[in-house]
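Fold and geometry: a report
Residue strings, one per chain:
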Amino acid sequence: MPHILPFTPEINIGALLSVVAVYLVSATETIGDTSALCNGALKRNPHKYEMGAAISCDGFISSVSGLFGCTPITSFSQNVGLAAISGVVNRFTIALGALIMILGGIFPSVGYALTTIPQAVLGGCTIMMFGSILFAGFGMMARSGFSQRNMVIVSLSLSVGLGFTQATGMFDIFPDIVRTVFADNCVAVVFLLAVLLNLVLPKEKTIEKQS
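Residues numbered from 1 in each chain as written. Predicted model: local features only at pLDDT ≥ 70, side-chain atom pairs only at ≥ 80, totals over all residues. Heavy atoms only, no water.

1. Section: the packing of helix α1 (residues 13-42) against helix α2 (residues 48-67)
Packed helix pairs are specified by the crossing angle of their axes together with the interaxial distance, meaning the distance between the axes. Across the interface, α1 lies against α2 with an axial gap of 10 Å and an inter-helix angle of 140°. It follows from the interaxial angle that α1 and α2 lie oblique. As for how α1 packs across α2, the hand of that crossing is right-handed. Taken together, the residues of α2 that come into contact with α1 (itself represented by Tyr-23, Ser-26, Ala-27, Thr-30, Ile-31, Thr-34, Ser-35 and Cys-38) are Glu-50, Met-51, Ala-54, Ile-55, Asp-58, Gly-59 and Ser-62. A class-by-class count of the residues in the contact of α1 with α2 yields 7 nonpolar, 6 polar and 2 charged. (Axes fitted to C-alpha atoms, helices over the stretch in contact; angles between N-to-C directions. Helix = DSSP H or I, 4+ residues; strand = E, 2+ residues; numbered from the N terminus. Parallel < 35°, antiparallel > 145°, perpendicular 65-115°, else oblique. Left-handed = near helix turned anticlockwise from the far one by under 90°. Contact = heavy atoms within 4.5 Å. Nonpolar A, V, L, I, M, F, W, Y, C, P; charged D, E, K, R; others polar.)

This is the structure we're talking about:
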């Protein structure tokens, strides 16, 4: 069984900054998942209180996981694709699925029964779910508009994020805290770049009229 505070608590600035950076990325993913869930399954934009509740729940669960020595916990993007495909967002259904997963983690026989699902079935469902997540992302970009500013932010973020997955060795010259956050996590790189571009690039392009 899990133990509360399995490690001796101590203040480590490097570890604190790493966890903060990872959680910021996690919170950003939660915002994206919540937006995709409402747009894909409910066919509407998320309300302000729904977005706040999602981030608060993410932070609360991450705090609880820290008591057991775990890293911050984030939302599960695959569930967004599943909800978009099925249209089912009923709380009872979601709670029942969570209960089955908990039982599968506690009782090996339940977990073994779940492994009897053919790999071809799981593979087909996975392809559909990730495809629906990608489609939801394109839908959000379409609603934001394909302006030159948005094009620059999206294209640079995607290009750099995909490129860094193939060139992780470039972080070898950086301190350990930088490697911990960015070397094996392209999402953190994309998050930081997108935020910086959103802050730096002008939101409106002014055109001077010639007389």
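2. Some remarks on the nonpolar core
Counting residues in hydrophobic clusters, the biggest one holds 7 residues: Val-25, Phe-171, Val-181, Phe-182, Ala-183, Ala-188 and Val-189. Contributing elements (two or more residues each) for this core: α8 (176-183) and α9 (186-200). Residue contributions to this core peak at 3 residues, all from α8. Beyond its immediate stretch of four places on either side in the chain, Phe-182 contacts Phe-171, Ala-188, Val-189 and Leu-192. (Core = buried A, V, L, I, M, F, W, Y, C linked by side-chain atoms within 4.5 Å. Buried < 20%, exposed > 50% of the residue type's maximum accessible area, 1.4 Å probe, protein only.)

3. Let's talk about the side chain of Asn-39
In this structure, Asn-39 sits in helix α1. From its side chain, Asn-39 meets the backbone oxygen of Ser-35 in a polar contact 2.8 Å long. Discounting residues that sit within four places of it in the chain, Asn-39 has contacts with Arg-44, Asn-45, Met-140 and Arg-143. (Polar contact = N/O pair within 3.5 Å; in protein donor to acceptor, adjacent residues only side chain to side chain.)

4. Here's the deal with the confidence of the model for the protein
In this model, the protein carries an average pLDDT of 80, and 93% of its residues clear a pLDDT of 70 or more. Within the protein, α8 has the poorest average pLDDT of any element, 71, and α2 the best, 88. In the predicted structure, residues 206-211 sits below a pLDDT of 50 and forms 0 contacts with residues beyond four places in sequence or in another chain. (pLDDT = per-residue confidence, 0-100.)

5. Quick notes on α1
A turn of α-helix holds 3.6 residues, and therefore any two residues three or four places apart point the same way. Compared with the 44 Å implied by 1.5 Å per residue over 30 residues, the 42 Å span of α1 between its first and last C-alpha is a close match. Following α1 by one or two positions, Lys-43 adopts a phi angle in the positive range, close to 60°. (Expected span 1.5 Å × (residues − 1).)

6. A word on the environment of Asp-58
Along the chain, the position of Asp-58 falls in helix α2. On the basis of relative accessibility, which here comes to 7%, the residue Asp-58 falls in the buried class. Sequence spacing of Asp-58 and Cys-186 is 128 residues, and the spatial spacing of their C-alpha atoms is 21 Å. Dropping the residues within four chain positions of it, Asp-58 is found in contact with Tyr-23, Ser-26, Ala-27, Thr-30, Ile-73, Thr-74 and Ser-75.

7. Here we look at unusual backbone geometry
Of note, Leu-5 is a non-glycine position whose phi angle comes to about 50°, a positive value. Along the chain, Leu-5 falls in the segment before α1. Positive phi values are uncommon outside glycine, yet Lys-43 reaches one of about 60°. If you trace the backbone, Lys-43 turns up in the loop between α1 and α2.

8. Observations regarding α2
Given a rise of 1.5 Å per residue, 20 residues ought to cover 28 Å, and the 29 Å separating the end C-alpha atoms of α2 matches this to within 8%. For α2, the complete set of buried residues consists of Glu-50, Met-51, Ala-54, Asp-58, Gly-59, Ser-62 and Ser-65. The elements touched by buried residues of α2 are α1. Backbone geometry just after α2 places Gly-69 at a positive phi near 85°.

9. Structural notes on the side chain of Asp-33
Residue placement: Asp-33 occurs in helix α1. Accessibility expressed as a relative area gives 10% for Asp-33, which makes it buried. If we ignore the near neighbours within four places in the chain, the residues touching Asp-33 are Ser-75, Phe-76, Ser-77 and Val-80.

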